[in-house]
Amino acid sequence: MSTNEDKNGACSEQAQIIEYSNVTRCGVFLGFGGLLVLLGILLTPSWTRILEGFQIFLTSNIHLDTASFYVLGSEHIGIPFICSGILGIVVMLSYLITKTEIKGGTIAAAFMVMGFAFCGKSFLNVWPTFLGVLLYAGIKKKPVNSVMGLAWFSSALSPLVNTIAMYTVFDGSNTMSADPILSLRRVLCAAIIGVMAGFLVGTFAELLPAKHSGSTLYNAGFAAGLTGFLIFSLMKVIGIGHSGPSHVYTEDKDLLLGSCLAIMLLYLLVLGLIFVKKSGNGCRALVTGRYKGCFVDQFGFGASLINMSLCGLLCLLYPFFTTTGHVNAPLFACLLTVVGFASNGITLKTMVPIMSGVFATSVITGGIKGSLVGASFLQSGLTYAGSKNMVIAACFGCGLSPVVTEYGALVGFLAAMIHSILVPNTGVLHGWLNLYNNGFCIGLVATFFVPMLVNILKSKKKLGGHP
């Protein structure tokens, strides 16, 4: 139970919270994984197609926000759902086996793994970095269950494993093969480098909170970004790097894919309502209170599930709000990420200023760019606001929620503006090998720009004659 009752003003609500066991929590998320598998089978109701799809999926040239629906084609559209569900089940079973408590950060890790199964993760390429974090824990003599969430977060670098194992050309030309080239030597090389990368993520993740003072929820994404930057720089120097990948997105299945996301959110909402019925008024405290850390501890499991569902719904509605946005594979990744972190820091209250900041900036910058070529300012701005990069920047930007909680909506709005400007340009730094590119960018914003914004606003307040 949280001791921060005085901060969130929810003493009476917390006193009524009924704790649900780790096994019960696990059962809810195992059911969520099972729902994803079921949706996948319904979308691809042919075992032959499923096996074909898995072969394509496991050998694809995976990089940041890979368009899995486009790569697989409509006849295999259910494969990412099945892969996501299987990974979610594996994560939950790993928590049970290691007696890891399922709350806050570990829930967020599980949902990020499931989300990025739509954009690059598979049940083969997540293991080297996972083992690297466990190696780090062993050397530091940390209990395994204390790093399980981080171990799964480290799979942000799973494209590194795929790229080296199948597509890197070892001829000093910094190019990639068009077709997969499998060999035992390449696989072993990818595994070793992946383990090293996981070890570095564990090291960085322990050091970075002191740098950004908890201003980002995506500490592991920041750590993975720095690790990817280091490794990709080395790859480029020795001639085994690569240029930017070409991304294509299908944008004609908004209703179908949006309905699948709605079903997933409805599952969480219904179970949340069932659980919260016995848990007092935790939902009210979650909306009105001041909070930090794990929501399951502070407000109860049921309230956390409801918050996860509602935050996911806002992400789902955002592309349609822009009028030009679409439901695609990257949206699945960022929506499930937000859903996961809605158990550990994100609420509707913190999302609004951040998403508003990204939207406003994308309209202004897109409008200026359009005006320079003689197009309509407003139309160009709205089109850019609905682009893939800006939609996921608005959703992923909610990792800045601690900034809103700590410093207020204005600082959060300004930080989101900076994030939306930087994030389209940070993928090149790590060679698109870090799936959590927004997490990396938010880490940079939280470390360097948030302190600057706070300092400027404090100075203006003093100049205005306020204490």
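See the structure shown above.
What counts and how
Residues numbered from 1 in each chain as written. Predicted model: local features only at pLDDT ≥ 70, side-chain atom pairs only at ≥ 80, totals over all residues. Heavy atoms only, no water. Buried < 20%, exposed > 50% of the residue type's maximum accessible area, 1.4 Å probe, protein only. Helix = DSSP H or I, 4+ residues; strand = E, 2+ residues; numbered from the N terminus. Salt bridge = Lys/Arg side-chain N within 4 Å of Asp/Glu carboxyl O. Core = buried A, V, L, I, M, F, W, Y, C linked by side-chain atoms within 4.5 Å. Polar contact = N/O pair within 3.5 Å; in protein donor to acceptor, adjacent residues only side chain to side chain. Contact = heavy atoms within 4.5 Å. Disulfide = S-S within 2.5 Å. 1 Å grid on protein atoms, 1.4 Å probe; cavity = no way out; pocket = protein on both sides within 12 Å on 5 of 7 lines; lining within 4 Å. Points joined across faces, edges and corners; volume = space filled by probe spheres on them. Nonpolar A, V, L, I, M, F, W, Y, C, P; charged D, E, K, R; others polar.

Caption draft 1: Representation of unusual backbone geometry in the model. Positive phi outside glycine occurs at K141, with the angle close to 60 degrees. Taking the relative accessible area as the measure of exposure, K141 reaches 75% and is therefore exposed. Even without glycine at this site, T323 takes up a positive phi of about 75 degrees. By the element assignment, T323 lies in the loop between α17 (301-321) and α18 (329-341). By relative accessible area, which is 59% here, T323 ends up exposed.

Caption draft 2: Expanded view of the pattern of salt bridges. Here the structure, examined in full by the defined rule, presents 5 salt bridges. A salt bridge links E101 to R25; the nearest nitrogen and oxygen atoms lie 3.9 Å apart. In this pair, E101 is assigned in the loop between α6 (79-98) and α7 (104-115) and R25 in helix α3 (residues 22-43), connecting sequence segments 76 residues apart. For R25, a relative accessible area of 3% puts it in the buried group. Its salt-bridge partner being K142, residue E206 comes within 3.9 Å of it at the nearest N-O pair. A residue pair is termed long-range when its members are at least 10 positions apart, and E206 in helix α11 (residues 184-207) and K142 in the loop between α8 (127-139) and α9 (148-153) qualify at 64 residues. Look at the salt bridges and you will find they share partners, linking R25, E101, K103 and D297 into a network.

Caption draft 3: Structural context of the nonpolar core. If you look at the biggest cluster of nonpolar residues, it comprises 131 residues, and the most contacted ones within it are F29 and F111. Listed in part, the 5 residues of the second largest apolar core include V276, F299, A303 and I306.

Caption draft 4: Region of interest: the side chain of S304. Residue position: S304 is located in helix α17. A residue is classified by how much of its surface remains accessible, and S304, at 1% relative accessible area, is buried. A polar atom in the side chain of S304 sits 3.0 Å from the backbone oxygen of G300. In this structure, S304 is in contact with F295, V296 and A342, ignoring residues within four places of it in sequence.

Caption draft 5: Structural view of the state of the cysteines. Taken as a whole and judged by the stated rule, the model has 0 disulfides. Free of any disulfide, C315 has its nearest cysteine sulfur in C395, 3.7 Å distant. Overall, the relative accessible area of 0% leaves C315 in the buried class.

Caption draft 6: Local environment of the layout of surface pockets. Considered as a void within the structure, the largest pocket measures approximately 790 Å³ in volume. For the largest pocket, the lining is made up of 35 residues, of which G105, T216, L217, N219 and N344 are closest to its centre. Secondary-structure elements contributing two or more residues to the lining of the largest pocket are α7, α9, α11, α12 (209-212), α13 (219-238) and α22 (401-407). Class assignment for the residues of the lining of the largest pocket results in 15 nonpolar, 16 polar and 4 charged.

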